[in-house]
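As a plain string of letters, each chain reads:
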Amino acid sequence: MTENEIVYHGELVKPRTLYRRGLTFILPGLLWIAFFLALPCLSLGVVSFAQRNDYGGIDWTFTFDNMKRLIGFDLFGWSADNLVILGRSVMVAAISTFLCIALSYPLAFFLASRPARNKGLWMALLLVPFWTNLVIRTYAWLIVLAPQFPPARFAAYFEMVDPGTALYPSMIAVYIGMVASFLPFVALPLYTAVEKLDWSLVEASFDLRAGFWRTFRYAVWPQTKSAVALGITLTLVPAMGMFVVPDMLGGAKYMLIGNLIQEQFGTSRDWPFGAALSLALMVITLATLLFFNSKARANKEVRS
Amino acid sequence: MKHTHPLINLTAVLLFMVLYIPLLCVVLFSFNASRLGMQWGGFTLHWYVDLFHDGMVLRAAMNTMILAVSSTLISTVVGTVLAVGLQTAPWGKKARRFFEPLINLPVVTPDIIFAVALVIAFGVIRSLTGLFELGMPTMIVGHVTFQIAFVTLAVRNRLESIGNEYSEAAFDLYASFGYSFRTVILPLLLPGILAGAMLAFTLSLDDFIISFFTAGPKSMTLPIFIYASVHRGVTPEIHALSTLVMVFTILVVVLLRRSEKHNEQTEAKS
């Protein structure tokens, strides 16, 4: 069978050659991702129904034990511990994301209003923490929140903590660490949106005597909400699984699901339960994202 | 003219301070002569000198570089070839719907889930074949997997901006595919490949979670070393080490921005 040659981007070639060549080019990359990412993720699902053997390995007997344990049933009856950790993870991630959005607006407007000649410098200032290693950025707070420094003294002065104690480990420290980690993730997309903002709408709104909030609600928000949506995705997904920040700044009392997962691969060495937890994390993250997306869509429908 | 309320500016400047004060504290205390506590004991470079005599630190630095360089090399080759393959064949909609999500998977999978999945997969393979003992090779595999997506993205962008005219001209002059690829496409593509490689390199330096899970007992990297040390207590050596890591990362990022800007300029010219 002879195949007709075609001209594709100036090349006289048989389609079959074209496809064969394309396939040889993309196969190494696709196979790599399939083999080292897609398959391992699928194996999580399988392993989460297995059991831990006495040596910390995997015992391939089918069981629902990990799922039961996830919602709190174990040898000693029911306890809310795991569910509390799951709930807390969602809450911390959601509140951190919200704080990042709220704080990114002033940042984005500030950056967008800088004169062109030093805008690059301010952008670089925002990017440097973004590129600094997470471990360094997080442990740096251990210095700032130490008892000798103003934040802890200030808190002690108002009798919020005992004098001479550090502000970590605490929930506040976890929030500070989370917001400081993820702020650039929201601020950068938001800045791009604010830069393209149609300012005539803002001016018109002020000219018509709309206050600050009304102007924000009807002139700024509709133009920036897609950037906020991107920021939510960029923040919420890593925030859900975060374990460095709660580990360093929160301690055992403020454990999140990320720490629980890490424990299964460290001290506890219970891979099947770790796999089940990861699966739960994945499901919760997707559910939260879908929730935000459906809300955004509902908003859109109401407006149109 | 757009102008912002002074309160907005004040909040923004305060936020910048919140982002920078911790990092500046780390730098400041890396020069602190007093070892214990947070008092200022005078200026010293002692801790930096110490670092260069600490075998563990040097080995961790070495591991970090080996990991970053080798994973960047592999992912740059695989990612570039992947991008070229995607862009130069007339893939139909159905084919695209199959492999686009696969390529984007590393970008959207949360780090910790990816890390855990890899550890389990390596564990299963190890129990079957004895291969894939956790260590440098498994870390490289982990890093390459998330780097490929970013390299492919950078190279595809560049391919799109080059357009088809150059290769069409080459074929019109009877160049074979290999010849036109080597002498026309590849040189034009080089800035994009370089940008992708630098991005991959920074991502590897920056990563903690995937290294932390897939590392073996002998393949500690600098972020893992810092993490482990902080758990034993913060010392001026760690501040000094962190300062050096920060300075190095900033240098790489500045280089990356430069090459991006250079790309834009050459594009504007052509």
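Each value, and the rule that gives it
Residues numbered from 1 in each chain as written. Chains lettered and ligands numbered in written order. Predicted model: local features only at pLDDT ≥ 70, side-chain atom pairs only at ≥ 80, totals over all residues. Helix = DSSP H or I, 4+ residues; strand = E, 2+ residues; numbered from the N terminus. Rg over C-alpha atoms; globule rule 2.2 N^0.38 Å. Buried ≥ 20, exposed ≤ 12 C-beta atoms within 10 Å, placed from the backbone. Contact = placed C-beta atoms within 7 Å. Axes fitted to C-alpha atoms, helices over the stretch in contact; angles between N-to-C directions. Left-handed = near helix turned anticlockwise from the far one by under 90°. Nonpolar A, V, L, I, M, F, W, Y, C, P; charged D, E, K, R; others polar. Core = buried A, V, L, I, M, F, W, Y, C linked by C-beta atoms within 7 Å. Domains from an automatic or database assignment. Expected span 1.5 Å × (residues − 1). Bend = angle between axes of the 7 residues up to and from the residue. pLDDT = per-residue confidence, 0-100.

Student: So what about the overall build of chain A? Which residues, and what values?
Tutor: Broken down by element type, chain A carries 12 helices and 6 strands. The C-alpha radius of gyration computed for chain A amounts to 25 Å, which surpasses the reference 19 Å derived for 304 residues by more than 25%, pointing to a less compact arrangement than a globule. With the C-alpha coordinates of chain A rotated into their principal frame, the extents come out at 85 × 65 × 40 Å. Out of the 304 residues in chain A, the part that is buried amounts to 39%. Excluding contacts between residues fewer than 6 apart, the proportion of contacts in chain A whose partners are at least 24 apart in sequence is 63%.

Student: How would you summarise the overall build of chain B if you had to cite specific residues and measurements?
Tutor: A count of helical and extended segments in chain B gives 11 helices and 0 strands. In chain B, the succession of helices and strands from N to C terminus is α-α-α-α-α-α-α-α-α-α-α. For chain B, the spread of C-alpha atoms along the three principal axes comes to 75 × 65 × 35 Å. Looking at chain B residue by residue over its 270 residues, the buried ones come to 42%. Put simply, of all contacts in chain B between residues at least 6 apart along the chain, 80% involve residues at least 24 apart.

Student: Help me get a handle on the interface of chain A and chain B, residues and values and all.
Tutor: Taken together, the contact between chain A and chain B spans 72 residues of the former and 74 residues of the latter. Take the side of chain A that touches chain B: its biggest share by element is 21 residues, from helix α1 (residues 15–47) of chain A.

Student: Describe the packing of helix α3 (residues 81–112) of chain A against helix α9 (residues 212–241) of chain A, and please don't skip the residues or the numbers.
Tutor: All names here are of chain A. For the pair α3 and α9, the least separation of the axes is 9 Å and the interaxial angle reads 145°. α9 is crossed by α3, and the crossing has right-handed handedness. Facing Ser 89, Ala 93, Ser 96, Thr 97, Cys 100, Ile 101 and Ser 104 of α3, the residues of α9 in contact are Val 228, Gly 231, Ile 232, Thr 235, Leu 236, Ala 239 and Met 240. Here the contact of α3 with α9 is built from residues that sort into 8 nonpolar, 6 polar and no charged.

Student: Just give me the short version of unusual backbone geometry, but keep the residues and values in it.
Tutor: Leaving glycine aside, a negative phi is the common case for residues, and trans is the common case for peptide bonds. A:Tyr168 connects to A:Pro169 through a cis peptide bond whose omega is -5°. With respect to the helices, strands and loops of the structure, A:Pro169 is situated in the loop between α6 (150–157) and α7 (171–195). Residues other than glycine seldom take positive phi values, yet A:Arg269 does so here, at roughly 45°. By the element assignment, A:Arg269 lies in the loop between α11 (257–265) and α12 (271–303). Using a count of 14 C-beta atoms within 10 Å as the deciding quantity, one classes A:Arg269 as partly exposed. With a phi angle near 65°, B:Tyr174 is a residue other than glycine that sits in the positive phi range. Along the polypeptide, B:Tyr174 turns up in the loop between α7 (165–172) and α8 (177–206). Its 9 C-beta neighbours within 10 Å are what place B:Tyr174 among the exposed residues.

Student: With reference to specific residues and values, describe the nonpolar core.
Tutor: Counting residues in hydrophobic clusters, the biggest one holds 152 residues, and the most contacted among them are A:Ala108, A:Ala187, A:Leu190, B:Ala115, B:Val116, B:Ala117 and B:Ile120. Ranked by the residues each element gives to this core, the list is headed by α7(A), at 15 residues. The residues that make up this core include at least three from each of domain 1 (1–40) and domain 2 (73–303) of chain A. Each residue touching B:Ala115, except ones within four places of it in the same chain, is listed here: B:Ile209, B:Ile210, B:Phe213 and B:Thr214.

Student: Describe the domain arrangement of chain A, naming the residues involved and giving the relevant values.
Tutor: Looking at the assigned domains, one finds that chain A contains domain 1 (1–40) and domain 2 (73–303). Put simply, the middle of domain 1 of chain A and the middle of domain 2 of chain A, counted by C-alpha atoms, are 42 Å apart.

Student: Quick rundown of helix α6 (residues 136–162) of chain B? Include the residues and the values.
Tutor: Residues and elements named next belong to chain B. The end-to-end C-alpha distance of α6, which contains 27 residues, comes to 37 Å, matching closely the 39 Å that a straight helix rising 1.5 Å per residue would cover. Of all the bends in α6, the largest measures some 30° and sits at Gln 147. By the criterion of burial, α6 is predominantly enclosed, with 20 of the 27 residues buried. At the C-terminal side of α6, Gly 163 shows a positive phi close to 80°.

Student: I'd like a rundown of the confidence of the model for chain B, residues and numbers included.
Tutor: Here chain B averages 87 in pLDDT, while 96% of its residues score no lower than 70. In the predicted assembly, ipTM is 0.86 and pTM is 0.87.

Student: If you had to explain the environment of A:Val194 to someone new, which residues and values would you point to?
Tutor: All names here are of chain A. Along the chain, Val 194 turns up in helix α7. Taking C-alpha positions, Val 194 is 32 Å from Tyr 139, a pair spaced 55 residues apart along the chain. Those residues in contact with Val 194, other than ones at most four positions away along the chain, are Ala 108, Phe 109, Ala 112 and Thr 224.

Student: Explain the environment of A:Glu159 residue by residue, including any values.
Tutor: Residues and elements named next belong to chain A. Along the chain, Glu 159 turns up in the loop between α6 and α7. Look at Glu 159 and you get exposed, because 8 C-beta atoms sit within 10 Å. The spacing of Glu 159 and Trp 122 is 37 residues in sequence and 37 Å in space, taken between C-alpha atoms.

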